[in-house]
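Notes for the structure review
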Amino acid sequence: RSAGKVRKGLDAYHEHGLLHARETQADARAALVDEWRAIERDGVECVVETMTNDERIALNGLLREAHDDLGRLQGPEVVLQTMDGPTPYRAGDRIIVRGTLREAGMKNGSVGTVERVKGATLDVRRRDGQTVRIDTRAENGELIQHGYAATEYREQGSTRFAELQMVDSLVHQRSVVVGMTRHEHLYGMFYSAEKVGSHGNLVELAQRERDKKSLHDFTPRDVAAEQREAQEKKMADRMRTRLNSSR
């Protein structure tokens with residue numbers, strides 16, 4: 001039954017032009033970045049979701065370049081040792097926290113904008129407008145990433161006004177439901193023939209139950225991620241409600 005709902009949902013999104021197929025993965029990334037740039041240029045913050053950490057890192061680099069093209073990065077660039085290894089930071093960069101930084105008042109999944117880089121220290125403006133200081137040395141640096149793209153495994157339970165999703169051969173029922181129900185307004189799914197194949201292949205892959213063995217590609221989950229698992233049923237219910245109301 002759930003598989004049939006996923007098929008209907010993907011077919012409906014396809015009919016509305018929300019699924020974007022490209023021949024190569026590089027082309028799919030370029031198309032996603034172009035769409036992200038257009039959305040962000042209009043003043044709307046857009047989250048990007050990926051299936052794997054490798055894809056997240058690749059897209060974070062491309063999206064950061066687009067962010068810079070929009071004139072949002074200022075000042076000198078400093079390379080700091082953070083969660084993904086040596087990573088460049090400038091004022092204007094978006095970051096996401098992958099753990100608890102008590103002194104900064106940030107927890108796993110918290111996002112912020114860098115206001116200043118001084119040595120190994122980032123002054124970060126939180127969502128609530130407060131500016132906090134994060135020293136990336138020692139354990140703190142291991143909890144910081146660029147925040148332009150994130151894995152679906154990390155972002156469950158988070159709702160955004162606009163979302164773009166990059167899927168690949170690891171796509172499954174839960175990832176589709178989570179991805180397609182978190183946005184409030186704008187959404188787009190991108191994939192390549194190189195990774196997924198045809199639209200028919202996408203539908204078949206997306207109807208699968210999650211293979212827990214595939215989780216080796218993700219960073220190990222933490223307590224906060226475990227707690228967000230409880231949100232999945234609510235998201236699935238939202239998906240069913242949307243599909244039923246569109247009939």
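Scroll up for the structure.
Residues numbered from 1 in each chain as written. Predicted model: local features only at pLDDT ≥ 70, side-chain atom pairs only at ≥ 80, totals over all residues. Heavy atoms only, no water.

1. Some thoughts on the environment of Thr181
Within the secondary structure, Thr181 sits in helix H5 (residues 173-181). Sequence separation between Thr181 and Glu163 is 18 residues; the distance between their C-alpha atoms is 9.7 Å. (Helix = DSSP H or I, 4+ residues; strand = E, 2+ residues; numbered from the N terminus.)

2. Topic: the pairing of strand E4 (residues 85-91)
Every other side chain in a regular strand lies on the same face of the sheet, so the side chains alternate between the two faces. By the criterion of burial, E4 is predominantly enclosed, with five of the seven residues buried. Sheet topology note: the strand E3 (residues 74-82)/E4 ladder contains six bridges and is antiparallel. By the bridge assignment, Val78 is partnered in E4 with Tyr89. Where E3 folds back on E4, the antiparallel hairpin that results is connected by two residues. (Buried < 20%, exposed > 50% of the residue type's maximum accessible area, 1.4 Å probe, protein only. Pairing = 2+ DSSP bridges.)

3. Focus on the packing of aromatic side chains
Following the criterion strictly, the structure yields one aromatic pair and no others. Between Tyr13 and Tyr187, the ring centres sit 5.5 Å apart and the planes meet at 75 degrees, which makes this aromatic pair edge-to-face. Remark: Tyr187 occurs in strand E12 (residues 183-192) and Tyr13 occurs in helix H1 (residues 2-15); sequence separation between them is 174 residues. (Phe/Tyr/Trp six-rings, centres within 6.5 Å; stacked < 30°, edge-to-face > 60°.)

4. Here's the deal with the environment of Gly92
Positionally, Gly92 belongs in the loop between E4 and strand E5 (94-97). Spatially, the C-alpha atoms of Gly92 and Arg116 are 8.1 Å apart, while their sequence positions differ by 24 residues. Sequence-distant contacts of Gly92, defined by excluding residues within four places in its chain, comprise His67, Arg72, Leu73, Gln74, Thr113, Val114 and Tyr148. (Contact = heavy atoms within 4.5 Å.)

5. Points about the pattern of salt bridges
A complete count under the given rule lists 16 salt bridges for this structure. A salt bridge links Arg29 to Glu55; the shortest N-O distance between them is 2.8 Å. Of this pair, Arg29 sits in helix H2 (residues 25-41) while Glu55 sits in helix H3 (residues 53-69), placing them 26 residues apart in sequence. Look at Arg29 and you get partly exposed, because its relative accessible area is 22%. One salt bridge connects Asp34 with Arg37, and the closest N-O pair in it is separated by 3.1 Å. Here Asp34 and its partner Arg37 are both found in helix H2, three residues apart, which amounts to about one turn of the helix. (Salt bridge = Lys/Arg side-chain N within 4 Å of Asp/Glu carboxyl O.)

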